[in-house]
Amino acid sequence: MTDLDHLSQSLARNLKRLRTERGFTLDALAARSGVSRGMLIQIEQARTNPSVGTVVKVGDALGVSITTLLDFDQAPQVRLVPAEQAVRLWSTEAGSHSTLLAGAEAPGPLELWSWVLMPGEGSTSDPHPTGTTELVHVRSGVLTLTVDGTDHEVPAGTSATFQSHVSHGFRNEGTAPVEMTMAVSVPAPH
């Protein structure tokens, strides 16, 4: 079985368990997440490899991190995540990529990411639930951070924090790669 097969199986098992624990029908989860009932069925039956955006929407609707949705096992009190177990969830042919390094529920999802954006590339995100906060630290290059339509230049060595319940995105308008670390904190569902 490939890593992708393991992820599909884990996602299927965890989605069904978490949906059932929360008492959500497929229709209710579809309404909360904006992901179609048909797609949710395919995910629960491990018949598809959904996009990162789809997994984020489902996780947000369930109030859990992507890490929890993809976790192979129940997490112990201290969970070490070796580099080879970090999950690359987005990449381009030019070499841009994002990697989920670790995540926790505290009391809502908390995720730690490593990003590389090659010159001329970027990534946009749909709004997250109200109360979601993102922290970004640029290690190299100059990041163009767009929050609710306004651009902010974030040079190497600089950190930024913002509420991400609005549209937002990251771009590299420079000539050198942008390397950054990002943390995302999503509030627990009510």
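Residues numbered from 1 in each chain as written. Predicted model: local features only at pLDDT ≥ 70, side-chain atom pairs only at ≥ 80, totals over all residues. Heavy atoms only, no water.

A. The pairing of strand E10 (residues 178-185), seen in detail. Pairing of strand E3 (residues 109-117) with E10 involves 8 bridges; the strand directions are antiparallel. When the bridges of E10 are listed, Leu-110 appears paired with Ser-185. Taken together, the 7 bridges between strand E5 (residues 133-140) and E10 define a ladder with antiparallel strand orientation. Looking at E10, one finds that His-137 is bridged to Thr-181. (Pairing = 2+ DSSP bridges. Helix = DSSP H or I, 4+ residues; strand = E, 2+ residues; numbered from the N terminus.)

B. Structural detail: the nonpolar core. Residues Leu-62, Leu-143 and Phe-170 are the most contacted members of the largest nonpolar core, which totals 40 residues. No other element matches the 5 residues that helix H4 (residues 52-62) contributes to this core. Leave out the neighbours within four places in its chain, and Leu-62 touches Leu-15, Leu-18, Arg-19, Arg-22, Phe-24, Leu-29, Leu-69 and Pro-189. (Core = buried A, V, L, I, M, F, W, Y, C linked by side-chain atoms within 4.5 Å. Buried < 20%, exposed > 50% of the residue type's maximum accessible area, 1.4 Å probe, protein only. Contact = heavy atoms within 4.5 Å.)

C. How the structure looks around the packing of helix H2 (residues 26-33) against H4. Put simply, H2 and H4 touch, their axes get as near as 8 Å, and they point 110° apart. Taken together, H2 and H4 sit at an angle that is classed as roughly perpendicular. The segment H2 lies against H4, with Leu-29, Arg-32 and Ser-33 engaging Lys-57, Val-58, Ala-61 and Leu-62. Taken together, the residues of the contact of H2 with H4 break down into 4 nonpolar, 1 polar and 2 charged. (Axes fitted to C-alpha atoms, helices over the stretch in contact; angles between N-to-C directions. Parallel < 35°, antiparallel > 145°, perpendicular 65-115°, else oblique. Nonpolar A, V, L, I, M, F, W, Y, C, P; charged D, E, K, R; others polar.)

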